[in-house]
Amino acid sequence: MDFWSRLIGGSRSPSTKGSRATSPTERLTAFKQTCNTLQQIWRSTTTPSGNLSAAAQARMYIERLNSILSDESRGPAPHPCLAYAASSQIFVTITKVTLSSYDGGQVGTLRAAAIFFNTLIDSEVDGIVDNRLFARALVDLVRRADKHDEDVEGRLVELLFGVANNVRLQPSILPAWFAPRPDDQDKERQANTGTEFAGATRTNDFPLFYLLVEYVHHAGRAGDFARTGLLYLIETASRSKILERWLIESDLATLMATGLGALYSQLGRYPSLSFDTTEEENLPHIVALSDHAGHESALPPRLDATMDSFMSYLLFWQDTLDHCKSAEVNGTLLDHFQVLFLEQLLYPSLLESSDVEGGSTAAVLTYLYRILESIEQHDLVHRILHFLLASPSDSQPTSKVDMSSSRRKSLDFLAAFSEEAARPSPALFNLRDLALLGLQSSNRQTVLATLRLLTVLLQRHHSFARSLVRTVSGHPGRQRTVGALNAELAQLLGLATSVVDDPTLNHSFENYLKDASWILEARLSMLPVEDDLEDDRPLQLRKDDPIVRELLNLISTFFTNSVVVNLALTEVLKSIASSHLVSLDGWILVDPMKYDYSTSPATEIDSTVEVLERIQLAYHEPTWSSAHVPILTSVLHSLVQQIQGWRKEIPDFDILIAARRDLLHQDNDSRQSPSRSRHASEPPTRSPSERPVARMAQVGSDFGSPRGRATRPLDLQSIASPPQRPAGSPARDHSVLSTATRESSMTRQSAADELRKRLAEPFQVRPQPEQARIGADEAGDIKEQTAVHTDRSDDAIVDDSSESATLGHVLTNAVILYEFLLELSAIVQARGSLYEEAGFPGVDAAADSSSN
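Residues numbered from 1 in each chain as written. Predicted model: local features only at pLDDT ≥ 70, side-chain atom pairs only at ≥ 80, totals over all residues. Heavy atoms only, no water.

A short note on the overall build of the protein
- If you tally the helices and strands in the protein, you get 35 helices and four strands.
- Scored against the burial criterion, the 852 residues of the protein give a buried share of 50%.
- Carbon and sulfur atoms provide 50% of the accessible area of the protein, an area that totals close to 40000 Å². (Helix = DSSP H or I, 4+ residues; strand = E, 2+ residues; numbered from the N terminus. Buried < 20%, exposed > 50% of the residue type's maximum accessible area, 1.4 Å probe, protein only. Areas by Shrake-Rupley, 256 points an atom, 1.4 Å probe, with all protein chains shown as cover.)

Focus: helix α25 (residues 546-556)
- In terms of burial, α25 is largely enclosed, as nine of its eleven residues are buried.
- When α25 is considered as a whole, its buried residues turn out to be Ile547, Val548, Arg549, Glu550, Leu551, Leu552, Asn553, Leu554 and Ile555.

Quick look at the environment of Leu524
- Mapped onto the secondary structure, Leu524 falls in helix α24 (residues 505-525).
- Distance from Leu524 to Leu834, taken between C-alpha atoms, is 9.6 Å for residues 310 residues apart in sequence.
- Each residue touching Leu524, except ones within four places of it in the same chain, is listed here: His580 and Tyr835. (Contact = heavy atoms within 4.5 Å.)

Here we look at the packing of helix α17 (residues 361-374) against helix α21 (residues 444-460)
- Direction vectors running N to C along α17 and α21 enclose 20°, while the axes themselves pass 9 Å from each other. For the element pair α17 / α21, the angle class is roughly parallel. The handedness of the crossing between α17 and α21 comes out as left-handed. Along the contact surface, α17 presents Thr361, Ala362, Leu365, Thr366, Leu368, Tyr369, Leu372, Glu373 and Ser374, while α21 presents Gln445, Thr446, Ala449, Thr450, Arg452, Leu453, Val456, Leu457 and Arg460.
- The class makeup of the residues in the contact of α17 with α21 is nine nonpolar, six polar and three charged. (Axes fitted to C-alpha atoms, helices over the stretch in contact; angles between N-to-C directions. Parallel < 35°, antiparallel > 145°, perpendicular 65-115°, else oblique. Left-handed = near helix turned anticlockwise from the far one by under 90°. Nonpolar A, V, L, I, M, F, W, Y, C, P; charged D, E, K, R; others polar.)

Some points on the pattern of salt bridges
- Evaluated as defined, the whole model comprises 21 salt bridges.
- One salt bridge in this structure joins Asp151 and Arg155, with 3.1 Å as the shortest N-O distance. You can see Asp151 and its partner Arg155 sitting in helix α8 (residues 150-169), four residues apart, about one turn around the helix.
- We classify Arg155 as partly exposed; its relative accessible area is 25%.
- The salt bridge partner of Arg221 is Glu158, with a shortest N-O separation of 2.6 Å. One end of the pair, Arg221, is in helix α11 (residues 220-236); the other, Glu158, is in helix α8, with 63 residues separating them in the sequence.
- Taking relative accessible area as the criterion, Glu158 reaches 22% and is therefore assigned partly exposed.
- A cluster of three or more residues bridged by salt bridges with shared partners is formed by Arg111, Asp149, Asp151, Arg155, Glu158 and Arg221. (Salt bridge = Lys/Arg side-chain N within 4 Å of Asp/Glu carboxyl O.)

Points about unusual backbone geometry
- Positive phi is not limited to glycine here, since Gln89 has a value of about 55°.
- Note that Gln89 resides in the loop between α4 (80-88) and α5 (90-99).
- Phi at Glu124 is positive, roughly 60°, even though this residue is not glycine.
- Taking relative accessible area as the criterion, Glu124 reaches 63% and is therefore assigned exposed.

Digging into the side chain of Asp591
- Tracing the sequence through the fold places Asp591 in the loop between α26 (563-578) and α27 (611-618).
- Leaving out residues up to four positions away in the same chain, Asp591 has contacts with Arg478, Gln540, Asp585 and Gly586.

Details of helix α23 (residues 482-499)
- Compared with an ideal rise of 1.5 Å per residue, which puts 18 residues at 26 Å, α23 spans 26 Å between its outermost C-alpha atoms and is within 8% of the ideal.
- Judged by how many residues are buried, α23 sits mostly within the fold: 14 of 18 residues are covered. (Expected span 1.5 Å × (residues − 1).)

Remarks on the nonpolar core
- In terms of nonpolar packing, the biggest core is built from 212 residues, with Trp177, Ile555 and Trp587 touching the most fellow members.
- For this core, the leading source of residues is helix α34 (residues 807-834), giving 16 residues.
- In this view, Ile555 contacts Leu569, Leu573, Leu632, Val635, Leu636, Leu639 and Phe820; residues no more than four positions away in its chain are not counted.
- Of all hydrophobic cores here, the second largest spans seven residues; its members include Ala487, Tyr595, Trp624 and Val629. (Core = buried A, V, L, I, M, F, W, Y, C linked by side-chain atoms within 4.5 Å.)

Brief notes about the packing of aromatic side chains
- The tally for this structure, following the rule as stated, stands at 28 aromatic pairs.
- Ring centres 6.0 Å apart and planes at 25° place the aromatic pair Phe206 and Phe209 in the stacked group.
- You can call Phe209 buried: its relative accessible area is 0%.
- Geometrically, the ring pair formed by Tyr595 and Tyr597 is edge-to-face, given 6.4 Å between the ring centres and 85° between the ring planes.
- Overall, Tyr595 belongs to the buried group, its relative accessible area being 10%.
- An aromatic cluster is built from Tyr264, Phe310, Trp317, Phe337, Phe341 and Tyr367, whose rings are joined through pairwise contacts.
- The ring of Tyr232 has Arg168 sitting right over it, with the charged end atom 4.1 Å from the ring centre. (Phe/Tyr/Trp six-rings, centres within 6.5 Å; stacked < 30°, edge-to-face > 60°. Lys NZ or Arg CZ within 6 Å of the ring centre and 35° of its normal.)

Things to note about the state of the cysteines
- According to the stated counting rule, one finds zero disulfides in the structure shown.
- As a non-bridged cysteine, Cys81 has Cys35 as the owner of its nearest cysteine sulfur, 8.4 Å distant.
- By relative accessible area, which is 0% here, Cys81 ends up buried. (Disulfide = S-S within 2.5 Å.)

Details of the environment of Thr812
- Here Thr812 lies in helix α34.
- If near-sequence neighbours (up to four positions away) are discounted, Thr812 is found in contact with Ile286, Leu289, Val563, Arg660 and Leu664.

Quick word on the confidence of the model for the protein
- Mean pLDDT over the protein stands at 75; residues scoring 70 or higher make up 68%.
- When pLDDT is averaged over each element of the protein, α25 comes out on top at 95 and helix α31 (residues 716-720) at the bottom at 31.
- A low-confidence stretch, residues 671-737 (pLDDT under 50), is modelled with 103 contacts involving residues beyond four sequence positions or located in other chains.
- Confidence drops under a pLDDT of 50 for residues 845-852, and excluding neighbours within four residues, the segment shows five contacts in the predicted structure. (pLDDT = per-residue confidence, 0-100.)

Considerations on the packing of helix α29 (residues 653-664) against α34
- The contact between α29 and α34 brings their axes to 9 Å, and the two run at 70°. Here α29 lies roughly perpendicular to α34, going by the angle between them. Note on element contacts: α34 touches α29 through Leu807, Gly808, Leu811, Thr812, Ala814, Val815, Tyr818 and Glu819, opposite Phe653, Leu656, Ile657, Arg660, Arg661 and Leu664.
- The class makeup of the residues in the contact of α29 with α34 is nine nonpolar, two polar and three charged.

Some points on the environment of Arg144
- Note on placement: Arg144 falls in helix α7 (residues 132-144).
- Separated by 49 residues in sequence, Arg144 and Thr95 have C-alpha atoms that sit 10.0 Å apart.

Right under this line is the structure:
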């Protein structure tokens, strides 16, 4: 007991060496003594870089200063140690001692010095951050220090960020860090060196700025601090005319644009666009059940870390333009972005890409897709798309008369540089031309990349829809009657039910309608990127538009297309249909001028007819001639016609397609649940495309109608496992299985094998000659249609569809077609109300005349 008493008592003894100062006076005394010791170490060591003991002592004393300041910061003001640090300018000594310390101990000394400077920056004590000596000491420390250690590098760049944050909050301290040359010195320097305007490096004017630029490309902590700090300095330009002018005349814009271009150049023109197939078990059902399960997935292709670095820097561009409140600085940045990046790098990479096997077209289209998918900044999107699409309205947003002299000089310099480069112009070959070639490609990756690019353009930047798909100028869509809309919807839904007869259609269509309404509302809420649209009303699509024709060519070979291509293709068509700038008339819906109301005795509406009668007439459903069927609807008719032909040839076709749809809607994890025992007839290992086949082999017993229509929804849980036996049944004992049970198991195994072989065999997709036309049948009074005519020759179409397709692949694509028809129908109905494209024409006029 005496031992522990002595130990505890001894630990509390006031005479213990190394006790920490507790009062402000004691702390100040200890702080001054430590500062004096550091100064003596610096003065007494002429070559401290070769003295290990001096370097170790310097580190120890800097850490002691940090400890004292940490204790002081936890107490109330005043803070005399911080004030003494400012007045004594000890930070200059710490910088000198740290930079001259022995190499082996420099990392620890640098870390301690960084903590000391960070404490001073956060203290907000007068005479520190607004002191030019402090600025010079910190800049020297960051610029000359050995930053091979990642932690030290992050700490040093954090110091720069802290200063930039202080400048943003207190612009009055800017002169301590920013000292531009007078105009006469600039003119003398240009005369002596022969340098032109713009891009001239002025490191000594604003070293803090250039240090941040140096680390802005880095990943991790250092890059994050550098990018944010640079944003703060650029934001301050809106409150300092001198800084604003300096940013315009300096090489800020040049460094940012060339830095972005350097990262883009590292992406490589011929990368291997491997798709994210990862593990076979994680493939989506819709891909696993197709013919291309081993080569692609529904996810975008994987790109390397270089692409991540490029995208991070591009998003930094976006943040810079958002934070900068100076229109002149923003304009200068955008000018350099267009000339040095768009004109000199991005557009040439698109123009020079090759679509041969292993070529770069798919890669550069994927890069552009990722760029346009990520950015949202209005001016940045405006510059990119106006330039790449060669928009005739592409011009400088501000007249030179309204610009400052610095901005005019910058534009003149860039114009001269652009002329010397002699790069080709998008006026001859633009992004629309490249998309057209991409759709015509025989390379599936190129086609897929093109479709994804079109989708992101139409969805995220849909105000450029008319630059991609041509419309008829001055021909806005006309309002159709409610009855006409009902007739059109009945036709589209009739096509859908001809593919799959779903007893839960009403419920599922409500969900499709909610999704369509949300998409249309989102389109209307987006700010337009093009401010100079002549007409924001929906204009009719040009039927001879080449891109539209290529999309129709792709959908005409729907059943042999890759599943992923079909998913991307239907997404493009839905995106066009959702645009409020494009009318549905002529390509999805019949032109209202082509409706035939001859079956109604009151086709011509008389002004004397009462308003109620006009409303009744508006509900009358018209008919139309087969010659006026919309171009997309005609192709959809022909696809449904093929399915109807297969239904006559394959007795259990409806059984197979219904079972395939149920399998596609299952969750991926439910395919191989650990709690579910494997079916007796199912092999231990099986590929994802084969695993559901054993279930589909038993579907026939669940259908009773002659055409195979389901009398109830498929219960795949019961299909996947054998019937349960009573608790006392001998069949539960595997040792006493009856002969009948073994025969039943063998029958199921044989049926599964046969069906697996059927689904994997090549399937005749091309329609027979006698099936070239379709009449009214169970599809819901489908009008007689003619086959779609395309600009491409029949031989080309045959070549496109010559790829072999199995029955299972055709079934999967048939389900995609069914879902697409429902989505299209929902968009048509939602547009009728949200875009007011369906109503009661003439009712308002009649009401006005009757009131008069």
